[in-house]
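Coordinate inspection notes
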Amino acid sequence: YVLSTRLDAFEGGRFAQAGVTVRRTSAADSPHVSLVAFGDGRVLVKSRSAFGGGTQQRFLATAGFPMGLALQRSGGAFTAFITDDTGAWQSYALS
């Protein structure tokens, strides 16, 4: 399946972020994969592989606004997709 969103430029300070998240359950400590953008255009992936585990994050790209973010799941593997005002989608394997 694919989960996606379109983001216009936003403000909210240095730590404000928006994006898409897939969680195993609704529990606060659930495993998850998140694709998030910051107001300066940085895009990161955040993930937790086990209940109660730490959240890892890594930088993927910088994109302009408006920006599209998508997460695709195939079995246990995730792929991130990012597009900006150029309309070209870039893919990133997250497994």
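Structure shown above.
These figures come from a predicted structure and were not determined experimentally. (Residues numbered from 1 in each chain as written. Predicted model: local features only at pLDDT ≥ 70, side-chain atom pairs only at ≥ 80, totals over all residues. Heavy atoms only, no water.)

1. Focus: the pattern of salt bridges
Per the counting criterion, the structure on display carries two salt bridges. The salt bridge partner of R42 is D40, with a shortest N-O separation of 2.8 Å. (Salt bridge = Lys/Arg side-chain N within 4 Å of Asp/Glu carboxyl O.)

2. Things to note about the environment of F51
Mapped onto the elements of the fold, F51 is located in the loop between β4 (42-48) and β5 (56-62). For the pair formed by F51 and H32, sequence separation is 19 residues and the distance between their alpha carbons is 9.2 Å. Setting aside chain neighbours within four positions, we find F51 in contact with R24, T25, D29, S30 and P31. (Helix = DSSP H or I, 4+ residues; strand = E, 2+ residues; numbered from the N terminus. Contact = heavy atoms within 4.5 Å.)

3. Remarks on the sheet that holds strand β2 (residues 17-23)
What the four strands build is an open sheet, ordered β2-β3-β4-β5; its pairing is antiparallel. The open sheet is flanked by β2 and β5, the only strands paired with a single partner. Within this sheet the neighbouring strands show an average axis-to-axis angle of 20 degrees, counted without direction. Relative to strand β3 (residues 32-38), β2 runs antiparallel, the two sharing seven bridges. (Pairing = 2+ DSSP bridges. Axes fitted to C-alpha atoms, helices over the stretch in contact; angles between N-to-C directions.)

4. Focus: the packing of aromatic side chains
According to the stated counting rule, one finds zero aromatic pairs in the structure shown. Against the face of F38 rests R42, its NZ or CZ located 4.3 Å from the ring centre. (Phe/Tyr/Trp six-rings, centres within 6.5 Å; stacked < 30°, edge-to-face > 60°. Lys NZ or Arg CZ within 6 Å of the ring centre and 35° of its normal.)

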